[in-house]
Amino acid sequence: MKEKQIEQKLVKSIKQAGGLALKFVSPGNAGVPDRLLLMPNGTAAFAELKAPGMKPRALQQIQINRIRKLGFKVFVIDDPEQIPVVVSEVMQYE
(Lines give C-alpha, C1' and ligand atoms only; values in the text may rest on other atoms or scores of the structure.)
Protein backbone atom coordinates (compact mmCIF):
# COMPACT_ATOMS: atom_id res chain seq x y z
CA MET A 1 0.00 0.00 0.00
CA LYS A 2 1.26 3.47 -0.87
CA GLU A 3 1.34 6.59 1.31
CA LYS A 4 -1.30 8.24 -0.87
CA GLN A 5 -3.73 5.36 -0.31
CA ILE A 6 -3.27 5.56 3.46
CA GLU A 7 -3.82 9.32 3.29
CA GLN A 8 -7.05 8.86 1.32
CA LYS A 9 -8.34 6.39 3.93
CA LEU A 10 -7.52 8.85 6.72
CA VAL A 11 -9.33 11.70 4.96
CA LYS A 12 -12.39 9.50 4.42
CA SER A 13 -12.44 8.28 8.04
CA ILE A 14 -12.07 11.77 9.50
CA LYS A 15 -14.87 13.02 7.23
CA GLN A 16 -17.11 10.12 8.31
CA ALA A 17 -16.47 11.15 11.94
CA GLY A 18 -17.72 14.66 11.09
CA GLY A 19 -14.32 16.32 10.88
CA LEU A 20 -11.96 17.77 8.30
CA ALA A 21 -8.55 16.46 7.28
CA LEU A 22 -7.09 19.49 5.54
CA LYS A 23 -3.91 19.30 3.49
CA PHE A 24 -1.42 21.30 5.54
CA VAL A 25 1.14 23.42 3.73
CA SER A 26 3.16 26.09 5.50
CA PRO A 27 5.46 28.05 3.16
CA GLY A 28 8.86 28.58 4.71
CA ASN A 29 8.34 25.69 7.16
CA ALA A 30 9.55 22.56 5.45
CA GLY A 31 8.82 19.25 7.12
CA VAL A 32 5.42 20.10 8.61
CA PRO A 33 2.88 17.24 8.90
CA ASP A 34 0.75 16.37 5.87
CA ARG A 35 -2.72 16.87 7.34
CA LEU A 36 -4.41 19.14 9.88
CA LEU A 37 -7.23 17.23 11.59
CA LEU A 38 -10.14 19.38 12.80
CA MET A 39 -12.84 17.60 14.75
CA PRO A 40 -16.40 18.61 15.67
CA ASN A 41 -15.54 18.58 19.38
CA GLY A 42 -13.24 21.56 18.78
CA THR A 43 -9.97 19.66 18.84
CA ALA A 44 -7.13 19.85 16.37
CA ALA A 45 -4.32 17.42 15.68
CA PHE A 46 -1.82 16.73 12.92
CA ALA A 47 -1.03 13.65 10.86
CA GLU A 48 2.17 12.73 9.06
CA LEU A 49 1.54 9.99 6.52
CA LYS A 50 4.26 7.54 5.52
CA ALA A 51 4.49 4.48 3.31
CA PRO A 52 4.40 1.24 5.30
CA GLY A 53 7.50 0.81 7.44
CA MET A 54 8.82 4.31 6.71
CA LYS A 55 9.70 6.82 9.43
CA PRO A 56 9.70 10.64 9.39
CA ARG A 57 12.81 12.31 7.99
CA ALA A 58 14.99 14.25 10.45
CA LEU A 59 13.43 17.62 9.53
CA GLN A 60 9.94 16.16 9.82
CA GLN A 61 10.76 14.78 13.27
CA ILE A 62 12.01 18.21 14.36
CA GLN A 63 8.71 19.78 13.26
CA ILE A 64 6.68 17.01 14.92
CA ASN A 65 8.55 17.59 18.19
CA ARG A 66 8.00 21.37 17.98
CA ILE A 67 4.26 20.91 17.47
CA ARG A 68 3.99 18.34 20.27
CA LYS A 69 5.79 20.72 22.67
CA LEU A 70 2.96 23.18 22.02
CA GLY A 71 0.50 20.58 23.30
CA PHE A 72 -0.91 19.27 20.02
CA LYS A 73 -1.19 15.61 19.09
CA VAL A 74 0.81 14.57 16.04
CA PHE A 75 0.14 11.12 14.64
CA VAL A 76 2.61 9.32 12.36
CA ILE A 77 0.58 6.88 10.29
CA ASP A 78 2.20 4.18 8.14
CA ASP A 79 -0.54 1.54 8.30
CA PRO A 80 -4.26 1.90 7.54
CA GLU A 81 -4.99 -0.22 10.64
CA GLN A 82 -3.84 2.78 12.73
CA ILE A 83 -6.57 5.05 11.35
CA PRO A 84 -9.49 3.96 13.60
CA VAL A 85 -7.25 4.42 16.64
CA VAL A 86 -6.24 7.91 15.46
CA VAL A 87 -9.87 8.92 14.87
CA SER A 88 -10.84 7.65 18.31
CA GLU A 89 -7.94 9.42 20.02
CA VAL A 90 -8.49 12.74 18.31
CA MET A 91 -12.20 12.63 19.20
CA GLN A 92 -11.30 12.14 22.88
CA TYR A 93 -8.41 14.61 22.99
CA GLU A 94 -9.15 17.93 24.67
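Residues numbered from 1 in each chain as written. Predicted model: local features only at pLDDT ≥ 70, side-chain atom pairs only at ≥ 80, totals over all residues. Heavy atoms only, no water.

1. Focus on the pairing of strand β4 (residues 73–77)
And step 1. Inspection of the sheet shows strand β3 (residues 44–49) paired to β4 by five bridges, in the parallel sense. Looking at β4, one finds that Phe46 is bridged to Val74.
And step 2. In this fold, β3 hands off to helix α2 (residues 58–69), which returns the chain to β4; that crossover is right-handed. (Pairing = 2+ DSSP bridges. Helix = DSSP H or I, 4+ residues; strand = E, 2+ residues; numbered from the N terminus. Right-handed = clockwise from strand over helix to strand, strands pointing away.)

2. A look at the packing of aromatic side chains
And step 1. Within the structure shown, the criterion is met by two aromatic pairs.
And step 2. Between Phe46 and Phe72 the ring centres are 5.9 Å apart and the planes differ by 85 degrees, which places this aromatic pair in the edge-to-face class. Here the residue Phe46 occupies a position in strand β3, and Phe72 occupies one in the loop between α2 and β4, the gap between them amounting to 26 residues.
And step 3. Taking the relative accessible area as the measure of exposure, Phe72 reaches 36% and is therefore partly exposed. (Phe/Tyr/Trp six-rings, centres within 6.5 Å; stacked < 30°, edge-to-face > 60°. Buried < 20%, exposed > 50% of the residue type's maximum accessible area, 1.4 Å probe, protein only.)

3. Describing the sheet that holds β4
And step 1. Taken together, four strands build an open sheet; the order of strands is β1-β2-β3-β4 and the sheet is mixed. Because the sheet does not close on itself, it has two edges, and the strands there are β1 (20–23) and β4. Direction aside, the axes of adjacent strands within the sheet are offset by 25 degrees on average.
And step 2. Each of β3 and β4 is contacted by α2, which is oriented at about 150 degrees to β4, the strand it contacts most. (Axes fitted to C-alpha atoms, helices over the stretch in contact; angles between N-to-C directions. Contact = heavy atoms within 4.5 Å.)

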